[in-house]
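Listed below, chain by chain, are the residues.
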Amino acid sequence: MSLIKNAFTILTASALGLGFVEIFLSQTDFLQKSFGVHQSRMDAGLELHDHEHHFCYGPKDRLRYDEALVGMEHPNQRYFEFRNDGVSLHTYNDHGLRVSMKEATPQDSVVVLGDSFARGTLADDTETIPAFLTRWANGPVFYNFGIGGHGPTQHLINYQRHSSLHPHDYVMLLYYLGNDAQNERDLPARLVRAKEVHAKRSGSSESSQNSFKIKINTFLEKSNTGRLLVQAKRRMEDVYEGGSQTNSDPHETANLVKKPLSQILVAANSGGKRLSIVTIPSREAYDETNFPAPQVSAQREIMRLQKEIIDEFSKQHDVPVLHLDDAFERQGIDFKEIYGWPDPHFNERGYYISAVEIGNFLSESYGLTFTFENTYVNETQYTPETASCPPE
């Protein structure tokens, strides 16, 4: 009887505790600020196949294992990605690269290397930086080689694999100051971890396990407490897109980018192509509301160190460089206008503003010509509640 009483007391206390936590989370913005509530996923009218995506065609899984790159998009795939309070349409070609929006001309086309900011997270196919520049360019195509979670060495490998399939005269590296150096530092560990996870998944009934996990996640996300648990678990499991794994000296971390930058330059020059670099700042360096002061200070310092290295590289090798944070400061742009939240990538207006700056930079550097849209034009837009897959 005593055992039953104790068990009943524990269950009652646990239920009351969860109830208080649920009320607390529903009445504060703690969940939004600390773990990130993506309202679009709660409003989604389409079935979410893996927590944040609805796949129109292709495998119902966004990233595939790659033994050299950790992860790559699946080829010939289209999906809606539900993040923040919106949804974006992504289409990938038969190389697993985000589509270009027009046919190439014989000359002046550009390969755009980079991570998720080049890929265009939070943007439809028509509102990424390469898409805007392709739309405005008088002829050239800007090929989008961006893959989320990649660092400089991965950009190099991606370029070596795919550049010969896309006639081009220029290579532009969109270098993300937020974590490109950290991704370079963490690449060896991430490759080991990704290989282990891939081997484990390959030896199990992955599809049935995924189906079960999706059902559990769907059930949990009906409550604030459950959403917190799902988000925390997903962050720990995201090995293909990844992020910083360890702490290290910021000078040592920043210096790691010197070698892959030189290798990218050699790869471009060996094919007779000209390299330029555009650095992208992190919201973390500006946002003292959602990030603690020591984190903001540390981010500003490693951004400064990387910019110094890139500027020195530019002087040594005559490589044109544009720092977007300096351009934003000259224009007096508020970071809240151009970044999303809780996913802190550029929003579509941020990609537009960046693309205008980059277009002017390329005009000055190489004489490329553009017909800019004087105001931001959102060519395609979807809402989480009413999004439906376009015809193939």
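Reference entry: report on the structure contained in this document. Each chain carries its own residue numbering, running from 1 in the written order of its sequence. Whole-chain, interface and lining totals are the exception, using all residues; otherwise, since this is a predicted model, local features are given only for residues with pLDDT of at least 70 and side-chain atom pairs are given and counted only at 80 or more. Only heavy atoms go into the side-chain values, all of them from the structure, while hydrogens and water stay out.

### Section: the pattern of salt bridges
Keep this limit in mind: Salt bridges are defined as contacts in which a side-chain nitrogen from Lys or Arg sits within 4 Å of a carboxyl oxygen from Asp or Glu. Secondary structure elements are taken from DSSP: a helix is a run of H or I of four residues or more, a strand is a run of E of two residues or more, and numbering for both begins at the N terminus.
Across all of its chains, the model carries 18 salt bridges by this definition. Two residues, Asp343 and Arg83, come together in a salt bridge whose shortest N-O distance is 2.7 Å. Of this pair, Asp343 sits in the loop between helix 14 (335–338) and helix 15 (348–366) while Arg83 sits in strand 4 (residues 77–83), and the two are 260 residues apart along the sequence. We note a salt bridge from Asp325 to Lys307, for which the minimum N-O separation is 2.8 Å. One end of the pair, Asp325, is in helix 13 (residues 324–331); the other, Lys307, is in helix 12 (residues 293–317), with 18 residues separating them in the sequence. Overlapping salt bridges bring together Arg41, Glu52, Arg62, Glu73, Glu81, Arg83, Arg119 and Asp343 as one network.

### Regarding the packing of aromatic side chains
So the rule is basically this: Only rings of Phe, Tyr and Trp enter the pairing, Trp through its six-membered ring, and a pair is recorded when the two centres are within 6.5 Å. The plane angle decides the type: under 30 degrees is stacked, over 60 is edge-to-face, the rest tilted. Each residue is placed in one exposure class: buried if its accessible area under a 1.4 Å probe, protein chains only, is under 20% of its type's maximum, exposed if it is over 50%, and partly exposed if it falls in between.
Taken as a whole and assessed by the stated rule, the structure comprises 19 aromatic pairs. On the basis of an interplanar angle of 70° and a centroid distance of 5.5 Å, the ring pair of Phe55 and Tyr79 is categorised as edge-to-face. In this pair, Phe55 sits in strand 1 (residues 53–57) while Tyr79 sits in strand 4, placing the two residues 24 residues apart along the sequence. Residue class for Tyr79 comes out buried when judged on its relative accessible area of 0%. Site record: aromatic cluster; members linked through ring pairs are Phe132, Trp136, Phe142, Tyr352, Phe370, Phe372 and Tyr376.

### What about empty space enclosed by the protein?
Heads up, the rule is: Each cavity reported here is a set of points on a 1 Å grid over the protein atoms alone in which a 1.4 Å probe fits but cannot get out, each pocket an open set with protein on both sides within 12 Å along at least five of seven lines, and each lining residue one with an atom within 4 Å of a point. Grid points are joined across faces, edges and corners, and a volume is the space filled by probe spheres set on the points. Here the nonpolar group is Ala, Val, Leu, Ile, Met, Phe, Trp, Tyr, Cys and Pro; Asp, Glu, Lys and Arg are the charged ones; every other residue, Gly included, is treated as polar.
For the coordinates displayed, the defined rule picks out one cavity of 30 Å³ or more. Reported here for the largest cavity is a volume of approximately 30 Å³. Taken together, the elements giving at least two residues each to the lining of the largest cavity come down to helix 5 (129–136) and strand 7 (142–144). Looking at the lining of the largest cavity residue by residue, the class counts come to five nonpolar, four polar and no charged.

### Description of the state of the cysteines
The line we're drawing: Put simply, a disulfide is two cysteine sulfurs that come within 2.5 Å.
One pass over the structure, following the stated rule, counts one disulfide. Disulfide pairing places Cys56 opposite Cys389 at an S-S distance of 2.0 Å. On the sign convention where negative is left-handed, the bridge of Cys56 and Cys389, at about -85° about the S-S bond, is left-handed. With Cys56 in strand 1 and Cys389 in the segment after helix 15, the pair connects residues that are 333 residues apart, well separated along the chain.

### Some points on unusual backbone geometry
Cis geometry marks the peptide bond from Trp341 to Pro342; its omega dihedral reads 10°. Relative to the helices and strands, Pro342 is located in the loop between helix 14 and helix 15. Of note, Asp318 is a non-glycine position whose phi angle comes to about 55°, a positive value. Secondary-structure assignment places Asp318 in the loop between helix 12 and strand 10 (321–323). Using a relative accessible area of 69% as the deciding quantity, one classes Asp318 as exposed.

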